[in-house]
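What follows is each chain in one-letter form.
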Amino acid sequence: MCDTIAVVQQDRVLFAKNSDRDPNEAQILDWQPRQEYPAGTTLRCTWIEIPQVRTTHAVLLSRPFWIWGAEMGANEHGVVIGNEAVFTRATYAKTGLTGMDLLRLALERAADAQSAADVIVGLLETHGQGGGCGHEHRRFTYHNSFLIADPTRAIVLDTAGRSWATQDVRGVRSISNVLSISGFAERHSDRVKTWAGAGRLRRSRTECLAQQVSKPAELAAILRDHGEGRACPHFSFFHGGLTAPCVHAGGLIASSQTTGSWISELSPAGVRHWATGTAAPCVSLFKPVAVNEPIDVGAPTDRFDETSLWWRGEQVHRRIIGNPGGFLPRLALERLPLECSWFADPPDSKEAFRLAAQMNERWIEAAASQGPVVDSRPWFVRGYWRKRNARAGFPNAGRRPQARVLAPTA
């Protein structure tokens, strides 16, 4: 499950997204350069092959490690897109383009928001959407909603099978795991599955909070939100932590974890992006990233790997989230001045990632030095995470793996 926000102001557009996936489904920051292809070239997406275009734009993607497409990303022209799983009464195809495939294809092929929407619609009508989208459950599938933005506008695109509707954003708009364009939603929404995804609760929360947003740093606070009056995650037996934007896994019916987060500031004068590259924004740093500045973040999978940025973040997240009350305030206080400086005047990416890696190593050491702590989460959440940690080969909390500071690519 996921949440995406756009704030359209007079001179710029602000954009933010949390990507919620299975807890061990590492999400990688993936830089792809502008490329040229011979006529007649084909392209293999996640499940199907389609004709390739002659030229693709440079992109920066945040994508699940095993999928060709992406949950969110930006291209060299200042277009950004986030997608959401939505549940409809339309037929679910056994194969086709996934919503993440459609997102990446639009970024690679479009130079503005309207063109990106047109690309998605054209591909949807030609190839359809379908195929498994889940990591733990590969047959799990859904339809998609998109929030597309460029420096001058934002567009919501809802889909149900090969049907679609668009709506221009005026002011503040968020999308979640629920069709949200009036008329289209009433005709196509699956009420039971939509309820299970708790998207209406989160969409109401994010859209309300975004009314007060005037700068990118304030979007970070929304993506880290655990619900009104809550400093730490709250868990429902059915939905886990799906009732708040900063999602933590552990529910009986729906159990997603925020595995990556993104913020953009888009204006005709220039664009800026920040991404965590790690799960759980409440224990992560938003680092400045750029489409033309690749960084070596490792190559994570669903197995613990201390050489990757994503799993190094889990060394903090999984050590403290069982009882975060004592550690989260300390982490947030240390993070605040550095992150504020990055939002106000971002350094180049390699310097930011170097400083972030050093801070993460301090957090790992501090979390490990706490020793065993009482896990205050409900029993069903504790059981859920024991299984995921075992599947990932996640080390015992007392172990201190060798530090590694991530370096820029050559």
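The text that follows walks through the structure, step by step, so that each part is easy to find. (Residues numbered from 1 in each chain as written. Predicted model: local features only at pLDDT ≥ 70, side-chain atom pairs only at ≥ 80, totals over all residues. Heavy atoms only, no water.)

1. Some points on the environment of Ala-344
Along the polypeptide, Ala-344 turns up in helix 8 (residues 328-344). Relative accessible area serves as the criterion here: at 61%, Ala-344 is assigned to the exposed category. Spatially, the C-alpha atoms of Ala-344 and Ile-320 are 29 Å apart, while their sequence positions differ by 24 residues. (Helix = DSSP H or I, 4+ residues; strand = E, 2+ residues; numbered from the N terminus. Buried < 20%, exposed > 50% of the residue type's maximum accessible area, 1.4 Å probe, protein only.)

2. Some remarks on the side chain of His-188
Take His-188: it is sitting in helix 3 (residues 184-188). A relative accessible area of 18% means that His-188 is categorised as buried. Excluding residues within four positions of it along the chain, His-188 makes contact with Phe-87, Thr-88, Arg-89, Ala-160, Ser-163 and Leu-179. (Contact = heavy atoms within 4.5 Å.)

3. What to know about the packing of helix 8 against helix 9 (residues 349-369)
When two helices pack together, their arrangement is captured by the angle between the axes and the distance separating the axes. Two elements in contact, helix 8 and helix 9, have axes separated by 12 Å at closest approach and are oriented at 175°. Overall, the two elements helix 8 and helix 9 adopt an arrangement that is roughly antiparallel. Listed contacts from helix 9 to Arg-330, Leu-331, Glu-334, Arg-335, Leu-338 and Trp-342 of helix 8 are Ala-352, Leu-355, Ala-356, Met-359, Arg-362, Trp-363 and Ala-366. Residue classes in the contact of helix 8 with helix 9 are distributed as nine nonpolar, no polar and four charged. (Axes fitted to C-alpha atoms, helices over the stretch in contact; angles between N-to-C directions. Parallel < 35°, antiparallel > 145°, perpendicular 65-115°, else oblique. Nonpolar A, V, L, I, M, F, W, Y, C, P; charged D, E, K, R; others polar.)

4. Overview of helix 10 (residues 379-392)
Helix length check: helix 10, at 14 residues, gives a terminal C-alpha distance of 20 Å against a target of 20 Å (1.5 Å per residue), a fit within 8%. Regarding helix 10, the residues found buried are Phe-380, Val-381, Gly-383, Tyr-384, Trp-385, Arg-388 and Ala-392. At its buried positions, helix 10 is contacted by strand 15 (257-267) and helix 7 (309-320). Of the residues trailing helix 10, Gly-393 is marked for its positive phi of about 65°. (Expected span 1.5 Å × (residues − 1).)

5. Remarks on a nonpolar patch on the surface
On the surface, Trp-195, Phe-237, Phe-238, Leu-252, Ile-253 and Trp-379 cluster together to form a nonpolar patch covering roughly 690 Å² of accessible area. Along the chain, Trp-379 falls in helix 10. For Trp-379, a relative accessible area of 59% puts it in the exposed group. (Patch = residues over 30% accessible without salt bridge, like charges linked within 9 Å, V, L, I, M, F, W, Y side chains within 5 Å. Areas by Shrake-Rupley, 256 points an atom, 1.4 Å probe, with all protein chains shown as cover. Salt bridge = Lys/Arg side-chain N within 4 Å of Asp/Glu carboxyl O.)

6. Regarding the pairing of strand 11 (residues 143-149)
In terms of burial, strand 11 is a largely internal element, seven of the seven residues being buried. The alternating pattern of strand 11 places His-143, Ser-145, Leu-147 and Ala-149 and Asn-144, Phe-146 and Ile-148 on opposite faces, both of which are buried. As defined by bridge partners, strand 10 (residues 80-86) adjoins strand 11 across seven bridges and the pair is classed as antiparallel. Bridge pairing in strand 11 places Glu-84 opposite Ser-145. Where strand 11 meets strand 12 (residues 154-160), five bridges bridge the pair, whose relative direction is antiparallel. Its bridge partner lying in strand 12, Ser-145 is registered against Asp-158. Here strand 11 hands over to strand 12 after four residues, the two strands then running antiparallel side by side. (Pairing = 2+ DSSP bridges.)

7. Thoughts on unusual backbone geometry
At Ala-198, a position not held by glycine, the phi torsion is positive, near 55°. Mapped onto the secondary structure, Ala-198 falls in the loop between helix 4 (191-196) and helix 5 (199-210). Classification of Ala-198 as buried rests on a relative accessible area of 4%.

8. With respect to helix 8
With 17 residues, helix 8 ought to run about 24 Å at 1.5 Å a step, and its terminal C-alpha atoms sit 23 Å apart, in line with that. At Leu-336, helix 8 shows its maximal kink, close to 40°; a proline, Pro-337, follows between one and four residues later. On the buried face of helix 8, the contacting elements are helix 6 (216-223), strand 15, strand 16 (270-275), strand 17 (287-289), helix 7 and helix 9. (Bend = angle between axes of the 7 residues up to and from the residue.)

9. A word on the packing of helix 7 against helix 10
As a packed pair, helix 7 and helix 10 sit with axes 14 Å apart at the nearest point and diverge in direction by 150°. Accordingly, the angle class assigned to the pair helix 7 and helix 10 is roughly antiparallel. Helix 10 is crossed by helix 7, and the crossing has left-handed handedness. Across from Trp-311, His-317 and Arg-318 in helix 7, the residues of helix 10 making contact are Trp-385, Arg-388, Asn-389 and Ala-392. Looking at the contact of helix 7 with helix 10, its residues break down into three nonpolar, two polar and two charged. (Left-handed = near helix turned anticlockwise from the far one by under 90°.)

10. Section: the pattern of salt bridges
In total, this model carries 22 salt bridges according to the counting rule given. With its nearest N and O atoms 2.8 Å apart, the salt bridge here joins Arg-63 to Asp-30. You can see Arg-63 sitting in strand 8 (residues 59-64) and its partner Asp-30 sitting in strand 3 (residues 27-32), a full 33 residues away along the chain. For Arg-63, a relative accessible area of 16% translates into the label buried. For Asp-30, a relative accessible area of 11% translates into the label buried. Here Asp-348 makes a salt bridge to Lys-350, at a shortest N to O gap of 3.3 Å. Look at Asp-348 and you get partly exposed, because its relative accessible area is 32%. Put simply, Lys-17, Arg-21, Glu-25, Glu-71 and Glu-84 are held in one network by salt bridges that share partners.

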